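# Summary of the model geometry
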Amino acid sequence: MEQLFFEDVEVGTEIPSVVRKVNLINLIKYAAATWNLFLVHIDKEFANKQGFKDVNIPASYFGASLAKMITDWMGNRGRLKRLSYRVTIMCFAGDTLICKGKVMKKYQEAGYNLLDCDIWVENQDGVKVAPASATVSLPARDEMCHE
Amino acid sequence: MLRQHIYLISYRADTETGDDGRDLTRIALPGFRVARGGNEYQFLEPVRPGDVISRKRKIIDVFERDSKKVGKIIFIVYDTTYTNQEGKPLGINRETLMFFR
C-alpha cells in the first residue's frame, strides 16, 4: 500500500470509493467476526417477527466500511483519529453500500497534520443512507517517523 | 515491524447473549425494538498485542422524539471509554441507541 503524505492532499481531494454488496452470507460473516449475534441481522424469521422485511445491516457495518475506505487511502503511517456516522435509512440484505468522501479542511494542531473529511454511504439507488465525518492524521514527506 | 491497528467497533467474545442473540451487557429496554442511531469514535492510542483492555460506560443523555414511521422513539446516548493496563485511554465511543415499539 502506497503511503499518502500530507503534501499530496488538498481541500476537495476525493477519497477512493469502497463498494460493498451486502447479502446474508456477508452479514453472517460479519456477525461472527464482530461477535454480534443479534438475530435481527442474520435470521430472516426473527427480523420478520420484529416487523422488518428482511435481516437489516447493523449500524457498525457502515462504520466499518467507512473506516476501511479511509484506512485503505491513508496508508500505514496514517492514523484515523475520529470517526462519526449516523444511519438515517435502514438497509437490508441485498442492498449495496457505496462509501464516498472528500477532504474539507487541512490543518495542523498539536504537532499533527490533520484532515477533516466529509464522508457518507449511499445505497444502490444513489440515496444517502449514512452521513458521516472523519479526522485523519498523515505524515509529512520529510518526517522520519510519525505517530 | 508489523503494526496492529484495531478499531474498537466490536464486543467481547465471552459475554452471554439473550434469546434474541443480543449481548446481555448492552443497554436494553424490554418490550421495545432497538436500532443503533450512530457512533462517534475517538481513536486516541493504537492497541498493541498483549494489551489488557478495560471499558467503562456512562449514560450521557436520554430523550424522546416523535417519528412518522414508528411513533415515539426513546434515544439513549452513552459513552464507552476503553483504557489499557496502564490506565491510558485508548478510545472513546459515543453511541446512540433508539428504542421504539
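Fair warning: this is a prediction, and the values are worked out from it, not measured in the lab.

What counts, and where the lines are drawn
- Residues numbered from 1 in each chain as written.
- Chains lettered and ligands numbered in written order.
- Predicted model: local features only at pLDDT ≥ 70, side-chain atom pairs only at ≥ 80, totals over all residues.
- Heavy atoms only, no water.
- Contact = heavy atoms within 4.5 Å.
- Buried area = accessible area lost by both parts, 1.4 Å probe.
- Salt bridge = Lys/Arg side-chain N within 4 Å of Asp/Glu carboxyl O.
- Helix = DSSP H or I, 4+ residues; strand = E, 2+ residues; numbered from the N terminus.
- Buried < 20%, exposed > 50% of the residue type's maximum accessible area, 1.4 Å probe, protein only.
- Arc of directions from axis to C-beta.
- Polar contact = N/O pair within 3.5 Å; in protein donor to acceptor, adjacent residues only side chain to side chain.

Before going further, it helps to examine the interface of chain B and chain A. Counting residues at the interface gives 27 residues for chain B, matched by 29 residues for chain A. Of the roughly 2,300 Å² buried between chain B and chain A, counting both surfaces, carbon and sulfur atoms make up 55%. Summed over the shared surface of chain B and chain A, the number is zero salt bridges. Ranked by residue count, the leading element in the side of chain B that touches chain A is strand β1 (residues 33-43) of chain B, at 11 residues.

Another point: helix α1 (residues 24-34) of chain A. All names here are of chain A. Buried within α1 are the following residues: L27, Y30, A31 and T34. One side of α1 carries all its buried residues, which in axial view fall inside an arc of 100 degrees. Relative to its buried face, α1 has exposed residues pointing more than 90 degrees away, namely I25, K29 and A33. Where α1 is buried, its residues contact α3 (59-74). One side-chain oxygen at the N-terminal end of α1 lies 3.1 Å from the backbone nitrogen of I25; it belongs to N23. Where α1 terminates, the next one or two residues include W35, which has phi positive at roughly 55 degrees.

By themselves, these are just geometric observations and shouldn't be taken as functional.
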